[in-house]
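Structure at a glance
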Amino acid sequence: MKFFIDTADLDEIREAASWGCLAGVTTNPSLYARTGGRLADFEDHMVRIAGICEGLPVSAESTATTTQEMIAEGTRLAALAPNVVVKLPVCDAALAATHALAAQGVEVNMTLVFSAPQALLAARAGARYISPFIGRIDDIGYDGIACLEEIVRAVHNYDYGHEVEIIAASVRSPHHVTQAALMGADIATVPFGALKNCVRHPLTVEGLAKFEADWEKVRNA
Ligand code: G3P
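Next up on the list: the overall build of the chain. Across its full length, the chain holds eleven helices and eight strands. Based on the C-alpha atoms only, the size of the chain along its principal axes is roughly 75 × 40 × 30 Å. The burial tally for the chain puts 47% of its 221 residues in the buried class. Carbon and sulfur atoms make up 56% of the accessible area of the chain, which amounts to about 11200 Å² in all.

In structure tokens, the structure reads:
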């Protein structure tokens, strides 16, 4: 499973990229708002992220609401850098826009996916990536991982004539990451805090403290 980082924060992206484990970045309007960015700076910000992660897919989300506007905005976003992927929320208008953008060679990440039928339609329309939101399904009392498993199995049962990867999104914890990998998700997009929690383990911390204490004894012997 590949790791994407789910953030629009440049420092977080730089640090995660420095680990050498990063395969891409996903952003959305909420994540951009969290950076304190203004509308006028949005496209420049996406260019900066694309520059930090040269060669890796960077999802920039369209906020358009009609097919024609999505195609226009998607075409503009895709032209910002060769590694920009256009993110569209699944709906009738976005399926039609995905179909048109894919025909132009623009990669689309279909987001806000919560069911296998939505995912199957996204794949058929031409989406390159499909993003089921695990945590938000858990939030309303259902099983996000079970839903992800259904989506992975259903989508990967078929050939679409183009590559389709499932991105486990709305990931909140190392447990989600483990489960996403066991369910066969191609990618997990993980917020920086959860990514750091994936690195840490209490027994690693405890073990390191013991190594340091024992090494101190060796130095003083
Ligand atoms: O990639 C989707 C993600 O940003 C949504 O996460 O935690 O807001 O449900 P969350």
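Back to the text.
Turning next to the pattern of salt bridges. Inspection of the entire model under this criterion finds 13 salt bridges. Lysine 87 is the salt-bridge partner of glutamate 61, the closest N and O atoms lying 4.0 Å from each other. Here lysine 87 lies in strand S4 (residues 84-89) and glutamate 61 lies in strand S3 (residues 58-61), a separation of 26 residues in the sequence. Judged by relative accessible area, which is 10%, glutamate 61 ranks as buried. Judged by its relative accessible area of 3%, lysine 87 is buried. A salt bridge links arginine 128 to glutamate 163; the shortest N-O distance between them is 3.1 Å. You can see arginine 128 sitting in the loop between helix H6 (116-125) and strand S6 (129-132) and its partner glutamate 163 sitting in the loop between helix H8 (144-155) and strand S7 (165-168), a full 35 residues away along the chain.

In the neighbourhood of the ligand, the contacting residues comprise Asp6, Asn28, Leu31, Phe133, Arg136, Ala169, Ser170, Arg172 and Thr189. Side-chain polar atom of aspartate 6 to an oxygen atom of the ligand: 2.6 Å apart, as the coordinates give it. A distance of 2.7 Å separates an oxygen atom of the ligand from a polar side-chain atom of arginine 136. Calculation on the ligand without its partners gives an accessible area of 310 Å², and the protein chains cover 83% of this total. When atom positions are compared with the pocket grids, the ligand is found to occupy the largest pocket. Of the residues contributing to the shell around the ligand, the split by class is three nonpolar, three polar and three charged.

Viewed as axis vectors pointing N to C, helix H5 (residues 92-103) and H6 meet at an angle of 30°, and their least axial separation amounts to 8 Å. Comparing the axis directions of H5 and H6 gives the class roughly parallel. Across from Leu95, Thr98 and His99 in H5, the residues of H6 making contact are Leu121, Ala122 and Ala125. Across the contact of H5 with H6, the residue classes break down as four nonpolar, two polar and no charged.

Thresholds, definitions, all that
- Residues numbered from 1 in each chain as written.
- Predicted model: local features only at pLDDT ≥ 70, side-chain atom pairs only at ≥ 80, totals over all residues.
- Heavy atoms only, no water.
- Helix = DSSP H or I, 4+ residues; strand = E, 2+ residues; numbered from the N terminus.
- Buried < 20%, exposed > 50% of the residue type's maximum accessible area, 1.4 Å probe, protein only.
- Areas by Shrake-Rupley, 256 points an atom, 1.4 Å probe, with all protein chains shown as cover.
- Salt bridge = Lys/Arg side-chain N within 4 Å of Asp/Glu carboxyl O.
- Near = heavy atom within 4 Å.
- Polar contact = N/O pair within 3.5 Å; in protein donor to acceptor, adjacent residues only side chain to side chain.
- 1 Å grid on protein atoms, 1.4 Å probe; cavity = no way out; pocket = protein on both sides within 12 Å on 5 of 7 lines; lining within 4 Å.
- Sits in = over half its atoms within 2 Å of the grid points.
- Nonpolar A, V, L, I, M, F, W, Y, C, P; charged D, E, K, R; others polar.
- Axes fitted to C-alpha atoms, helices over the stretch in contact; angles between N-to-C directions.
- Parallel < 35°, antiparallel > 145°, perpendicular 65-115°, else oblique.
- Contact = heavy atoms within 4.5 Å.

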